[in-house]
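# A structural walkthrough
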Amino acid sequence: MDIPELILTMACYLAATASFVGFLLTSRESLHRAGSVLLAVGFGVHLVAIGVRSIEGGRLAATTLHEALSLLSCIIVGAYLALQGRFKLAVIGAFVAPLAFIVTLSAVLFYSGVQDLPRTLNTVWLPAHIAPALLGYAILAVAFCVSIAYLLQERQLKAKRRGGLLQRLPPLETLDHLNYRFMVWGFSLFTLAIVTGALLAKTAWGEFWSWEPVQVWSVITWVLYALLLQSRTIGWRGRLAARLTIVGFAVLVLSFFSVNFVFPGKHGGHFG
Amino acid sequence: MNREIIVVGLSHRTAPVETREQVAIAEAEMAAAYRRLLERSHVEEGVIVSTCNRVEVIATGQHADAAATDVAEFLRTSPDTEIEGFEEHLYVHRGVEAVRHVFRVASSLDSMVVGEPQILGQLKESYTRAASLGATGTVLHRLFHKSFSTAKRVRAETTIASRAVSVASAAVDLARKIFEKLEDKTAMLIGAGQMSELAARHLLANGVGNLISTNRTFERAVELAREFGGTPVPFEQFPRYLRLADVVIGSTAAEEPVVTPAMVQEVLRERNQQPMFFIDLSVPRNFDPRLNEMANVYLYDIDDLEGVIEVNLEERAREAEKAERLVDVEVESFCRWLGSLNAVPTIVALRRRIESIRRAELDRTLASLRELSERERDALEAMTAAICNKILHAPICKLKERGDDEDEVFYIDAVLRLFDLDDEEPGAAKSGKVTPLRKRG
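Conventions used here
Residues numbered from 1 in each chain as written. Chains lettered and ligands numbered in written order. Predicted model: local features only at pLDDT ≥ 70, side-chain atom pairs only at ≥ 80, totals over all residues. Helix = DSSP H or I, 4+ residues; strand = E, 2+ residues; numbered from the N terminus. Buried ≥ 20, exposed ≤ 12 C-beta atoms within 10 Å, placed from the backbone. Contact = placed C-beta atoms within 7 Å. Pairing = 2+ DSSP bridges. Axes fitted to C-alpha atoms, helices over the stretch in contact; angles between N-to-C directions. Parallel < 35°, antiparallel > 145°, perpendicular 65-115°, else oblique. Left-handed = near helix turned anticlockwise from the far one by under 90°. Nonpolar A, V, L, I, M, F, W, Y, C, P; charged D, E, K, R; others polar. Arc of directions from axis to C-beta. pLDDT = per-residue confidence, 0-100. Core = buried A, V, L, I, M, F, W, Y, C linked by C-beta atoms within 7 Å.

In this section: the overall build of chain A. Each helix and strand in chain A was counted, giving nine helices and zero strands. For chain A, the sequential pattern of α-helices and β-strands runs α-α-α-α-α-α-α-α-α. Expressed as a percentage of the 272 residues in chain A, the buried residues total 46%. Contacts in chain A between residues far apart in sequence, at least 24 positions, make up 79% of those at least 6 positions apart.

Residues and elements named next belong to chain B. A cis amide bond, omega -5°, links Val-283 with the succeeding residue Pro-284. Following the sequence through the fold, Pro-284 ends up in the loop between β9 (276-280) and β10 (297-301). Located in the positive-phi region is Ser-108, a residue other than glycine, with phi close to 65°. Looking at the element boundaries, Ser-108 is found in the loop between α5 (95-106) and α6 (118-132).

Residue and element names in this part refer to chain B. With parallel pairing, six strands are arranged side by side in an open sheet as β7-β6-β5-β8-β9-β10. Looking at strand neighbours, the two that pair on one side only are β7 (231-234) and β10, the edges of this open sheet. Averaged over neighbouring strand pairs, the angle between their axes works out to 20° when direction is ignored. The pairing of strand β8 (residues 247-251) with β9 spans four bridges and is classified as parallel. Bridge pairing in β9 places Val-248 opposite Phe-278. Strands β5 (186-191), β6 (210-215), β8 and β9 of the sheet are contacted by helix α9 (residues 194-205), whose axis makes an angle of about 160° with β8.

Before going further, it helps to examine the packing of helix α4 (residues 93-109) of chain A against helix α5 (residues 125-158) of chain A. All names here are of chain A. α5 packs onto α4 with a crossing angle of 130° between their chain directions and a minimal axis gap of 9 Å. Comparing the axis directions of α4 and α5 gives the class oblique. Viewed along their axes, α4 and α5 form a crossing whose handedness is right-handed. Here Phe-95, Val-96 and Leu-99 of α4 come into contact with α5, specifically with Ala-141, Val-142, Cys-145, Ile-148 and Ala-149. For the contact of α4 with α5, the class distribution of residues is eight nonpolar, no polar and no charged.

Residue and element names in this part refer to chain B. You can see Pro-232 is positioned in strand β7. On the basis of neighbour count, Pro-232 is assigned to the buried category, with 20 C-beta atoms found within 10 Å. Remark: the alpha-carbon pair of Pro-232 and Ile-212, spanning 20 residues in sequence, is separated by 5.7 Å. Once you skip the residues sitting within four places of it in the chain, Pro-232 turns out to touch Ser-213, Thr-214, Phe-218, Ala-221, Val-222 and Ala-225.

One face of the sheet, then the other: side chains in a regular strand alternate in exactly this way. Residues and elements named next belong to chain B. Taking burial as the measure, the eight residues of strand β1 (residues 4-11) include eight buried ones, the bulk of the element. Every second residue of β1 is oriented toward a common face, with Glu-4, Ile-6, Val-8 and Leu-10 on one face and Ile-5, Val-7, Gly-9 and Ser-11 on the other, all of them buried. Pairing geometry for β1 and strand β3 (residues 54-61), over eight bridges, is antiparallel. Paired with Ile-5 across the two strands is Thr-60, which belongs to β3.

Our focus in this paragraph is the interface of chain A and chain B. Counting from both sides, the interface comprises 16 residues of chain A and, opposite them, 19 residues of chain B. Within the residue set of the side of chain A that touches chain B, elements represented by two or more residues are α5, α7 (172-205) and α9 (239-261) of chain A. Looking at which element gives the most residues to the side of chain A that touches chain B, the answer is α7 of chain A, with four residues. In terms of residue class, the side of chain A that touches chain B is built from five nonpolar, five polar and six charged.

Residues and elements named next belong to chain B. Buried residues of helix α12 (residues 261-270): Val-264, Val-267 and Leu-268, and no others. Down the axis of α12, the buried set is contained in an arc of 100°. They therefore lie on one face. Seen from the open side of α12, the exposed residues pointing more than 90 degrees away from its buried face are Ala-262, Gln-265 and Arg-269. Asn-272 sits one or two positions beyond α12 and adopts a positive phi of about 55°.

Pairing between sheet strands relies on hydrogen bonds along the backbone, with the strands arranged either parallel or antiparallel. Residues and elements named next belong to chain B. Spatial strand order, β2-β3-β1-β4: four strands in an open sheet with antiparallel pairing. Taken across any chain shown, the strands that pair with only one partner, and hence form the sheet edges, are β2 (45-50) and β4 (91-94). Ignoring strand direction, the axes of neighbouring strands in this sheet form an average angle of 15°. Packing against the sheet, helix α3 (residues 64-76) makes contact with β1, β3 and β4, and its axis sits at approximately 30° to β1.

Attention now goes to the pairing of β10 of chain B. Residue and element names in this part refer to chain B. Burial within β10 is extensive, with five of its five residues counted as buried. Every second residue of β10 is oriented toward a common face, with Val-297, Leu-299 and Asp-301 on one face and Tyr-298 and Tyr-300 on the other, all of them buried. Where β9 and β10 come together, five bridges link them in parallel fashion. Within β10, the residue paired with Ile-279 across the bridge is Tyr-300.

Residues and elements named next belong to chain B. Along helix α10 (residues 218-228), the residues classified as buried are Ala-221, Leu-224 and Phe-228. Along the axis of α10, the buried residues cluster in a sector spanning 65°; they form a single face. Residues Glu-219 and Arg-226 are exposed on α10 and point more than 90 degrees away from its buried face. The inward-facing, buried residues of α10 contact β5, α9, β6 and β7.

Here the focus is the confidence of the model for chain B. Residue and element names in this part refer to chain B. Predicted confidence across chain B gives a mean pLDDT of 85, with 92% of residues reaching 70 or more. Mean pLDDT across the elements of chain B ranges from a minimum in helix α17 (residues 427-433), with 38, to a maximum in α5, with 94. A low-confidence stretch, residues 424-441 stays under pLDDT 50, and its non-local contacts, those more than four residues away or across chains, total 41 contacts. We note a pTM of 0.69 for the whole complex and an ipTM of 0.80 for its interfaces.

Ranked by internal contacts, the top residues of the largest apolar core, which has 128 residues, are Ile-76, Val-96, Ala-138 and Val-142 of chain A. If you tally residues by element for this core, the top one is α5 of chain A, at 19 residues. Counting residues in hydrophobic clusters, the runner-up holds 62 residues, among them Val-8, Leu-10, Val-139 and Leu-140 of chain B.

Below you can see the structure in the form of structure tokens.
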């Protein structure tokens, strides 16, 4: 049972959200620091929650929807914490923290007990599939947050509003570059996850490709992201790129859930 | 015995620039000026601040009025000329008001443009110079250090200085919100004018790498290009070079827009939709207002920039109120320290501190020695009291010595710090606290 830890994690993420939003509105540096600290504390508690669950199941908790969501939000926060110093992300926490809260909340809502893993899935390809998939999702989620910040900042500039918000959000060009960079990383990992997923399918079910709903959705999402990255070369940058990133992320979320509920195939129940 | 702080001087608030110029003391004359200042019989410590916006002397003395007269005399004869209507430009602050004045000046609350930070550096320079010439003592030393830390606090806790308040700096600020870095960017200056040249200068000073200038009179474009180290292009051909420009400043006298959406559409395609920032400083406007509706194009005209500045000035005014409250707190804390620099309350506080230690230790010992007789107890009581008095005798004599020299304040301050008496609030000390700040008759 990892629910108590997850509730505490959610409380931290929620408090971090409040701090970051407070910082955006008032520019109090102390709130900004508090937000980062709360997020880091939440991350720590989250690791404990995942540890508890993993010990309970005897392997890394990443195979049910509940576990995958929990791990995903943990990675989102971890990715943000790791990237924030290097890229001076700072205020992006205002968007990452609530996202992490929502993903953790859905993990709690989709709670399920520890399930035994079918022996067929228990191969080396399982972690090789799960790791890049979740990391890819997490980075694309951060790209999504960066895009929201871009659209906000762009609106401030166009509307000639000179609120504190404009001062505290990073420059447009920075956000656009970050978006592109994270998209490339996320896309690469996503590609890797599809390849290892196919290899996993081969060892588990005997064939690389069986037009499973998850495979179809993944390919749709992959093609979408590929087009999106390609479109940069014809100048689809800035606002357009930010909007497309948000659309891409929406499709990603949709495929993530629809795979498990709407079209439960072999993959359903065992999310990976 | 009590020292008072006074400030005598004139600033942009009280005197026109002609008068300030006459009173100003040049760098080279400073050493001589300090000698003349300290020769005055009522001035003990002094710091001379001479900038283009203010000339003032912060000094301490035993008698505020006499010291103020001395300093006024000093300022009047500074460059050995008589100054007409000098007195009416002069302000004199004493005690708390003098402290507040110095703290406000350091925090840039008394500046022409509130929040502009140059004054703090000038103040630090003035103080360092005074200190190196031996013109400062314990009081001004602490006053200036406190004023610097107050200014630092104001900058850290308010956003008073973080907003642009000129058209040129507002333009740079906006460019920084669009572009990640300015070093690899190119600015194009279409037309010429005081404001647009200032904006170009600001952009270049903030890192913009290249400048292209164009003008209907090509010679003028060449002139500007030479001045800014840029490249001139003939006016008829500037649209062809527009794709190189990330920031475009317009200030021609044209009646019709010189840059249209159709033109920019084409240019954007050529530059692969890299963002462009148009700054229109002319009336009638040079750039079609519809440019702002295009993706990756940001257009600010003169009214937009003025609007930005207005908002920033309001913001500064709001922040200034916050800053005033911070200054109040710091002034109070400084005055408390200054007030405590009095021999009598310091002695009282010191005795009290030692006595309380003696009492506490004695009570503890007596509590564990219940078998002692009344006489033995009295003897212990007397002995401990005698030890304390003997120890205190020499320091208290030293504190009671009334010398005119700087030493006295130094020792009082030392005692306060060594025995941690700064924050003690005994009634006796309290009554003495405000005394040195009161105006004397």
